[in-house]
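So you can see what is in the structure, the chains are spelled out below.
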Amino acid sequence: MAKTPAVSHFVAVSDLSKPATEQEGILIEVAGTGDNQKNRAKALDLVQEMWEKEEIDVNRFPDGLTPDHIFYVPSDSPQVKSSKTVSDSQKLLPIVQGAQEIIQLTKLQLEVQEASEQAEQYIPIIKVVLERSRPLTTEEKELAKDKKYGKTIERLGSIVAEQEEFQESCSGNGSLVLNAISWQLSQGTEPQADKN
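How each quantity is defined
Position labels on residues start from 1 in each chain and follow its written sequence. Local features are withheld for residues below a pLDDT of 70 in this predicted model, meaning they are given only at 70 or higher, and side-chain atom pairs are given and counted only at 80 or more; totals for whole chains, interfaces and linings count all residues. Only hydrogens and water are set aside; all other atoms, that is, all heavy atoms of the structure, feed into the side-chain values. What pLDDT reports is the predictor's confidence in each residue, on a scale of 0 through 100. Contact criterion: two residues are considered in contact whenever any of their non-hydrogen atoms come within 4.5 Å of each other. The rule is short: rings of Phe, Tyr and Trp, with Trp giving its six-membered ring, pair when the centres are within 6.5 Å, and they are stacked under 30 degrees, edge-to-face over 60, tilted in between. The secondary structure listing takes helices from DSSP runs of H or I that are at least 4 residues long and strands from runs of E that are at least 2 residues long, numbered from the N terminus. Only protein chains enter the accessibility calculation, which uses a 1.4 Å probe. A residue is then buried if its area is under 20% of the maximum for its type, exposed if over 50%, and partly exposed in between. Salt bridges are counted wherever a side-chain nitrogen of Lys or Arg sits within 4 Å of a carboxyl oxygen of Asp or Glu. Pairs of strands are assigned from DSSP output, requiring at least two bridges between the strands. A fitted line through C-alpha atoms serves as each axis, taken over the contacting stretch for helices, and the angle formed by two N-to-C directions is quoted from 0 to 180°. Note on terminology: a nonpolar core comprises buried Ala, Val, Leu, Ile, Met, Phe, Trp, Tyr and Cys residues joined through side-chain atoms within 4.5 Å.

Below, the discussion takes up the confidence of the model for the protein. If pLDDT is low for a region, its predicted coordinates should not be looked at in detail. In the predicted model, the protein carries a mean pLDDT of 78, and 83% of its residues have values of at least 70. Segment residues 77-90 is flagged for pLDDT under 50; beyond a separation of four residues in sequence, or across chains, it makes 11 contacts in the model.

Written out as structure tokens, the structure is:
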């Protein structure tokens, strides 16, 4: 498996005057790790570039676009369930918490899909065992005896359980990011349609 380049996520909150529960923004991914001035500057530059190209509606940032609009999205907080994490996430803006949850849910979805692909060869064995419809073939018996069989099935079950548990614990603030994306796309397509 190829190593993925290190990235950090930020949210550009469009209107800081709104209450935290109503704030929306744009999720930005930049090359580099962590919350530092360099990565924040990259995120701000990306949003400003989108804004100048009118990929973002000019009214989207009524007070302009400043470094104050850029919020870091920590990547590790949602995975750890501790009292420290709970108090940390309560300090996060809802849209930042939502972005964090989307990132973690995406990682878990990728893991589930990869584990499912590895387990695909075992589907006939699993069906036979669950349905008790026939004996295993010689080839199926050999596959089932392999150490990879048990580890693969157990890993898949564990990852699916982790995904479901995390999904249930999500705040629902991911919809703020989705709403912002949908709004941006609708704003981006309307001017083009008018030109035609």
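All right, on to the packing of aromatic side chains then. In the structure shown here, the tally under the stated rule is two aromatic pairs. Ring geometry for Tyr122 versus Tyr149: centroids 5.0 Å apart, planes at 90°, classification edge-to-face. Of this pair, Tyr122 sits in the loop between α3 (94-119) and α4 (123-131) while Tyr149 sits in helix α6 (residues 147-169), placing them 27 residues apart in sequence. Here Tyr122 matches Tyr149 in class, with each residue buried.

Taken as a whole and judged by the stated rule, the model has two salt bridges. The partner of Asp35 in a salt bridge is Arg40, with the nearest N and O atoms 2.7 Å apart. For Arg134, the salt bridge is made with Glu140, and the minimal N-O distance between the two is 2.9 Å.

So, about the sheet that holds strand β1 (residues 7-13). With antiparallel pairing, three strands are arranged side by side in an open sheet as β2-β1-β3. Where the open sheet ends on each side, the last strands, each with one partner, are β2 (25-31) and β3 (70-73). When strand polarity is set aside, the average angle formed by the axes of neighbouring strands in this sheet is 30°. Here β1 pairs with β2 via seven bridges, running antiparallel. Paired with Val13 across the two strands is Gly25, which belongs to β2. Along the sheet face, helix α1 (residues 37-52) touches β1, β2 and β3 and points at about 125° away from the line of β2. Where α3 meets the sheet, its contacts fall on β1, β2 and β3, and the angle it forms with β3 comes to roughly 40°.

Next up on the list: the nonpolar core. Listed in full, the 12 residues of the largest apolar core are Phe10, Ala12, Ile26, Ile28, Val30, Ala43, Leu44, Val47, Ile56, Phe61, Leu65 and Ile70. At the level of secondary structure, the elements contributing two or more residues to this core comprise β1, β2 and α1. Contact partners of Ala43, with chain neighbours within four places excluded, come to Phe10, Ile28, Val30 and Ile70. Listed in part, the 10 residues of the second largest apolar core include Val13, Val73, Val96 and Ile103.

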